[in-house]
Each structure stands twice: as C-alpha cells, then as structure tokens.
Amino acid sequence: MKLTTPRKILGAGALVAVFALTACSGGGAQPEAGGDGSGGGGGDSGYTFAMVTHETPGDTFWDKIRAGAEQAAKDTGAKLQYSNDPAADKQAQLIQTAIDSDVDGIATTLATPDALASSVQAAGEAGIPIVGFNSGIDQYKDVGALMYFGSDETLAGRTAGERITEDGGKHPLCVIQAAGSVALEARCAGVKEGAPGTENIQVNGADDSAVVASLQAKLQQDPSIDYIVTLGAPIAIDALDAMEQSGSEAKLVTFDLNVDAAQAIKDGEIEFSIDQQPYVQGYLAVTSLYLNLKNGNDIGGGQPVLTGPSFVDSTNIDTILPFAENNTR
Amino acid sequence: MSQATTQAPVSAPHESSNRVKLGWSNRILARPEVGAAVAAVLIFIFFLVVAPSFRSPDALFTVLYQASTIGIVAVAVGLLMIGGEFDLSAGVIVTSAGLFNALFSYYLGINLIVGAVVSLVFCLFVGFVNGYLVMRTGIPSFLITLGSFFILQGVNLGVTKLVTGAVASPNISQMDGYDLMHTIFAGSFRIGGITIWNSVIYWLLLVALAAWVLQRTRIGNWIYAVGGNDASARAVGVPVMRVKIGLFITVSFLGWFVGMHTLYRFNTLQAGNGVGNEFLYIIAAVVGGTLLTGGFGNAIGVAIGAFIFGMTSLGIVYAGWDPNWFRAFLGVMLVLAVLVNLYVKKLSTTRKVG
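The rules behind these values
Residues numbered from 1 in each chain as written. Chains lettered and ligands numbered in written order. Predicted model: local features only at pLDDT ≥ 70, side-chain atom pairs only at ≥ 80, totals over all residues. Heavy atoms only, no water. Helix = DSSP H or I, 4+ residues; strand = E, 2+ residues; numbered from the N terminus. Rg over C-alpha atoms; globule rule 2.2 N^0.38 Å. Buried < 20%, exposed > 50% of the residue type's maximum accessible area, 1.4 Å probe, protein only. Contact = heavy atoms within 4.5 Å. Areas by Shrake-Rupley, 256 points an atom, 1.4 Å probe, with all protein chains shown as cover. Salt bridge = Lys/Arg side-chain N within 4 Å of Asp/Glu carboxyl O. Buried area = accessible area lost by both parts, 1.4 Å probe. Polar contact = N/O pair within 3.5 Å; in protein donor to acceptor, adjacent residues only side chain to side chain. Nonpolar A, V, L, I, M, F, W, Y, C, P; charged D, E, K, R; others polar. Phe/Tyr/Trp six-rings, centres within 6.5 Å; stacked < 30°, edge-to-face > 60°. Lys NZ or Arg CZ within 6 Å of the ring centre and 35° of its normal. UniProt positions renumbered as here; feature names shortened; annotations may be inferred. Disulfide = S-S within 2.5 Å. pLDDT = per-residue confidence, 0-100. Domains from an automatic or database assignment.

*Asks:* Looking at this model, I keep getting lost on the overall build of chain B. Mind explaining?
*Replies:* Of the regular secondary structure elements, chain B holds 15 helices and two strands. The C-alpha radius of gyration of chain B comes to 21 Å, within 12% of the 20 Å expected for a compact globule of 354 residues. Taken over the C-alpha atoms alone, chain B extends approximately 65 × 55 × 35 Å along its principal axes. Across the 354 residues of chain B, 57% fall into the buried class. Relative to all contacts within chain B whose residues are 6 or more apart in sequence, the contacts with residues 24 or more apart total 78%. Split by element, the accessible area of chain B, about 14,400 Å² in all, is 69% carbon and sulfur.

*Asks:* What exactly am I supposed to notice about the pattern of salt bridges here?
*Replies:* One side chain can pair with another of opposite charge once the charged atoms of both are near each other. All names here are of chain A. Across all of its chains, the model carries 11 salt bridges over all chains by this definition. With a closest N to O distance of 2.6 Å, E199 and K218 form a salt bridge. Remark: K218 occurs in helix α8 (residues 208-221) and E199 occurs in strand β7 (residues 199-202); sequence separation between them is 19 residues. The partly exposed category is assigned to E199, whose relative accessible area is 23%. Linking K266 and D318 is a salt bridge whose minimum nitrogen-to-oxygen distance equals 2.6 Å. Taken as a pair, K266 in helix α10 (residues 259-266) and D318 in helix α12 (residues 317-325) lie far apart in primary sequence, 52 residues in all.

*Asks:* I tried to follow the interface of chain A and chain B on my own but got confused; where do I start?
*Replies:* The accessible area lost on association of the parts is a frequent measure of interface size. Contacts between the two partners involve 46 residues from chain A and, on the opposite side, 52 residues from chain B. Counting the surface lost from both chain A and chain B, the interface buries some 4,300 Å², and carbon and sulfur atoms represent 62% of this. Taken together, chain A and chain B are joined by two salt bridges. One salt bridge connects D241 of chain A with R265 of chain B, and the closest N-O pair in it is separated by 2.7 Å. At the junction of chain A with chain B, the criterion picks out 11 residue pairs in polar contact (both at pLDDT 80 or more). Those elements giving two or more residues to the side of chain A that touches chain B turn out to be α1 (6-27), α2 (60-75), β7, α8 and α9 (233-246) of chain A. Per-class residue counts for the side of chain A that touches chain B are 19 nonpolar, 17 polar and 10 charged.

*Asks:* Before we go on, may I ask you to explain the packing of aromatic side chains in this structure?
*Replies:* Pairs of aromatic rings are described using the distance from one ring centre to the other and the angle between the two planes. The final tally for this structure, using the stated rule, is 25 aromatic pairs over all chains. Connected via pairs of aromatic rings, a cluster forms that spans F44, F46, F47, F54, Y318, W321 and F329 of chain B. Residue placement shows R163 of chain A over the ring face of F272 of chain A; its charged tip is 4.4 Å from the ring centre. The positively charged end of R163 of chain A is found above the aromatic ring belonging to F311 of chain A, 4.5 Å away from the centroid.

*Asks:* Is there a simple way to think about the UniProt feature "domain: Periplasmic binding protein" (unreviewed entry) in chain A in this case?
*Replies:* UniProt records the feature "domain: Periplasmic binding protein" (unreviewed entry) for residues 51-294 of chain A in the present numbering. Spanning residues 51-294 of chain A, this segment combines 52% helix with 18% strand, and its end C-alpha atoms are found 18 Å apart.

*Asks:* Teacher, can you tell me more about the state of the cysteines here?
*Replies:* One way to say it: the disulfide is the covalent bond shared by the sulfur atoms of two cysteines. Residues and elements named next belong to chain A. Using the criterion set out here, one finds one disulfide over all chains in the structure. Bridging C174 to C188, the disulfide has an S-S length of 2.0 Å. Here C174 and C188 share a disulfide; its torsion about the S-S bond, -85°, makes the bridge left-handed. Placement of the pair is C174 in strand β6 (residues 172-176) and C188 in helix α7 (residues 182-194), with a sequence separation of 14 residues.

*Asks:* Help me out: how do you make sense of the confidence of the model for chain A in this one?
*Replies:* Where the model shows low pLDDT, its predicted coordinates should not be examined in detail. All names here are of chain A. Predicted confidence across chain A gives a mean pLDDT of 85, with 87% of residues reaching 70 or more. Across chain A, element-level confidence peaks in strand β8 (residues 227-230) with a mean pLDDT of 97 and bottoms out in α1 with 45. Segment residues 1-6 is flagged for pLDDT under 50; beyond a separation of four residues in sequence, or across chains, it makes 11 contacts in the model. Throughout residues 9-41 the model reports pLDDT below 50, and contacts reaching past four residues in sequence, or to other chains, amount to 38 contacts.

*Asks:* Quick question: what am I supposed to make of unusual backbone geometry here?
*Replies:* When glycine is set aside, most residues are seen to have a negative phi, and most peptide bonds are trans. Residues and elements named next belong to chain A. Of note, the bond from G308 into P309 is cis; its omega dihedral lies within 30 degrees of zero at 0°. Residue position: P309 is located in the loop between β11 (305-306) and β12 (310-313). Of note in this structure, D102 is not a glycine but carries a positive phi near 60°. The topology assignment puts D102 in the loop between α3 (88-100) and β3 (105-109).

*Asks:* What exactly am I supposed to notice about the domain arrangement of chain A here?
*Replies:* All names here are of chain A. Each assigned domain of chain A is listed with its residue range as follows: domain 1 (6-31 + 46-151 + 277-308) and domain 2 (153-275). For domain 1 and domain 2, the distance between their C-alpha centroids amounts to 28 Å. At the junction of the two partners, domain 1 supplies 10 residues and domain 2 supplies eight residues. Between domain 1 and domain 2 the total buried area reaches about 670 Å² when both faces are included, carbon and sulfur atoms providing 44% of it. One can count zero salt bridges joining domain 1 with domain 2. In this assembly, domain 1 and domain 2 are joined by three residue pairs in polar contact (both at pLDDT 80 or more). The biggest single contributor to the side of domain 1 that touches domain 2 is α2, with three residues. Its residues assigned to classes, the side of domain 1 that touches domain 2 shows three nonpolar, six polar and one charged.

Here's what the structure looks like:
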C-alpha cells in the first residue's frame, strides 16, 4: 500500500505504454484479409457510402460484416463511413447524420424497423439510395429500402431444428446471449418450429464465465437436454466448456463461425454451424449501392437476397476453415 | 465501528466513558454482514425448496464458482467503497488485463508469464492513475473512473482490432508458459466427483485477508476513517491520499487477477466483454451491507453479497423458470436482500435504544 514514489510508477507506466505501442506496430503483421493490392480495381469511383448498424461493439460477428463492407468499398473504389449504435433511436440519428453529410448511398441494418422507418424514408426523399441488410427481411420494403441482403432468422432456426430432429434430437436447449434481441428470439423460435421440444435459456454474453456457469447449471438441472444450440460462435466455445464440466453427453450446434468454432467443427466437437455469411452481407450491401448508382441495377429483383442458412459441417469444413482464419467467413 | 474509534479523539474525547454497552446479540446484529447473511440463508432455503437440482453438491460448487468470478473483484470494490470511492472501470479492466497479456505475448512472441507481469504493471498503473486523478483534482471518482471505463473499453476494441485485425484475441493455448499460468489461475481439482476451481479458493482466501486487514490492522482503521470523513481523518494524521490510491490499485490488481483467470480459462477473449460487470461488483458490495456513502461495511458482507448474486442468477436456472423473466427475478431477489438487510439493521438499532 506504500506509495512513496509515484514518479517511479509513472515512469514504469510510460515504459509499458511504449511497449504496448511497439507491440502494435512491430508484431501485428497479420496480412490484410484478401487485400494486398488486388482490390481497389475500380480506382477511385468517387462514391461515399455510409453503413449504419446496430452492432454492440466488440463482437466478432459484426467484425466480419464490416470486413466484407470494407473489402467491397476497396473493390469499387468507394469510401466507406461506418457507424453503429445498438440503441434504435441513436441508430436512426446516425442514418440522419449520413443523409446530412450527403453520402451517395446508405446501407443499414433494420433490427428495429419501426424506429428507423422515418430516417429510411428521409433518405429516399433526399434521393439517396438505401438498402437493408442483416435484419429486417419482412419490413425492408415497407420502410422504403430498395434491396435486402441477409438471412431469414426464423428460416435459419427452423433449418437447424429440422436437422436436429432428423438426427434424433428430442430436447434441444437454445441459448440466447443478449436479452431482448428480436433476431435471436426469432432464431430460437425457428429452432422450436423444427424441433418442438426446444427450450430457451438466457445468459450474459458479455461474461464468458457467467455463460459457462449458467449453462452448467442448466445441464445439471435437466440431464435430458440432448442438443445445445448457441447463436454465436464464442458462446459455442463456452458451451463446450460447460458440457465438459457437467459431464453432459449433449451435442452442440451453433450459428456463425470464428476460428475456434471452425476448428471445433473440424475436431467433431460441434455437429454443424448455421452460417449466415456476414462477410457476404457486408460485401453485397455496399456493392449493390455501387451497382445501383453506376448501372441502375436492382439485385434480387424486388425479392430479398438470402446469404444463408448455409451449413458448415464435417463435409465442407476443410474448405471453410482457412477462410474463417482469414476473418472472412 | 472502527470509524468511531478513529474519530473519537477529534469529536468526543471522553466518549468511551459513557458509551452504551451492547449485549452480544445486539453486537452481532449491528455487524454489516448479518442482514446479508440472513438474506442469503433465506434465498438458499428458497431455492432448495423450489429447485430440486439445486440440492446437489455439484450445484453448490457451480454457484460458488460463479460467485468467485464476481466476488474477487467485489472484495476490492467493497474496500474502495468503504473508503468512500467508486470504480466504474473495474468491469472492463478485467478484459483489458487479459487482452493485454494475450496480445503482448502473442505478437511479440514473448512467454505468457512475462506478458502477465507486464499486464499487471499496466493494470496497477491504471489503478494508480484513477486514484491519483481523484485525489489531485477533487473530481468525484464516479466521473474519473467513468472516463477510464470508456477509455479502456475503446482501447480494448481499438488495439485488439489494430493488432489482430479482428475483435478477439488469438488463442494462446499453444504458447510458452501457458500450462503454468493455466494451472495457477484457471486450475481446478476434483474431490469426490466435484470440481473445485482455484478461483473459489483464492476468493475465500482474499476475503479472509481483506477481513483481517479491515478489522485488525491500522490500514483497516484508515480505510474506515477516509470513508467516514476524510477531512477529520486527515486531521488525525491518516495518509488519506496513500490510502485511497492504494484502494484503487487494489481494485485494478484484483481486476487483473480475474482477467488472468478468464484468459487462461477460455484461452481467448472478445474485446467487448466485461462491460456491465462493474455494477455487479457494486451490487455485491451493497447487498453485503456496504454503505454507498462510505465508512461502513466489511469484507465478509461483500462475499455474502457475491454469493447471493451467484445463487440468484443460477438458482433461477436450476429452478427451470422462463428465461424472459430472468432479470426481473434477479432484481426482486436483490431488492429483497437489501430489504432484509435494512430490517435486521433496524432491529439492532431499536434494541439498542430500548
């Protein structure tokens, strides 16, 4: 508790800061995903696109959406302004900001279509093309978005549920890692359509040890659970931990991918993943704006363009694993 | 209690002569943790009745594990709150500590043990800056640490993205030093088929240590004194600045400790994690009888508070209740715990008068 020399401590801290900085510039030599000068084929198209999402910062899933969007901007020679806020009113404000700064096109997620409708319409009135992606498949037309790229959450869930039933699952547990999320609830509802014995549980996705403890408790409480369905790749890894702790024989199914989850599929620890291909969602959303402005295209011809559900399992993981390591799948 | 002892020379030199003598039952009731203990027993019995699977020793140790991951940092946060300050950065520094260690070691190719030490230095520095700024500027710790909360949250995301190109740390389980660090921070052992995590043992040891420091040492008296009234504490020669900075450093030290547990248990961390846990630490302390205004509380109470949190959050799962009500149940339990706490305290004061 003694603190006679604050200066020494300050000095040590500064040293650490220097270390940290060198760590960033020196060691972080991960090659840019797919970049390497092969992109940017369009040179400078002069367009500026805004992407507005309801991302909660620091989630691997959104990072892929963004990676796809940035690659698309590079490939079409456009500038990308990315912004996000999980609160619907703030997201609406961000769309308004994009309109005010007179961008050439806007891509937005529509997780809360009612809250965003007026902003989306304002973009239309300002003559700025706006497309929806990731969420809002049923409402994107009503609010005035031109196109839609994403997966149908209920359909994706149902596909997973049906496959679980086919494989003999009777009592799946669907794990919701963010309370009150419309998209996650829709996925679990879909799973229940495909596998009627499905039960939901809520966990605190911001704390891995809490996720493990909750799942462990659930598996201890109900040994009849034979499948666990997680809705995000990091949660799947926590579920593996909880299954080991509780000695559960349940099988694991997940949505989305990251490196560890892809590896676990390869190792046979995860049965399969329902991938909605977030990289593609980000990529197509930006590219569609470019094509719309440049060439008047309407991708999907008035119908939503589905990026999933795409199964990743032992049959195709060898192809997909390198892309997961590259942060593009 | 100890606060009265240290203030005695200033306010009422002869107070000890006309002090009310308390019977042992009243003295027990006047302790900060008694209300929480009563609440904990009631909640425990409640879940034993409604949730059959709560009755196994397995379940108890899962609850203890959940409580330890909150409880370790909560001990330090409790001490800090007794000392009259808050630390809102306590939740994210756990993630910062783990990320720092993982990224530093991975990208510089340095042994994880060295990375952990450098991460510790970084965390202690953050704690020092928090404390130093609070003391030097006189700005409430709520604001200063709200600032560091945002800074750390942003740096966690920004640096992780910059270094890894993604928003999660790489998997470190194949690196040098992993086995030792994993054994120390995230190890577990089995007794009679029950898994006991090291973190539970550390938690109990830390609680015992903190309780001893608070009740039996001069530093403990200082902590109560600076939390009760730091002007009079200063007047009687308590090194207020050193005590408070020390408390902030203790918080970030134990934050680092849990960060190490989280990193070595899960091998990788998402950069956005940890947000919101700062409130759980504060809740554990408050449920355990710590006053939000400082100067009152003790370490055992905080531990019971963390245990109540672990019990409630998992008890709901063991009971198999509808998950949509999860937060509502949690809130009701916590408010009930505080009410029982208050009621027991009132009981003790009325008896004292009569």
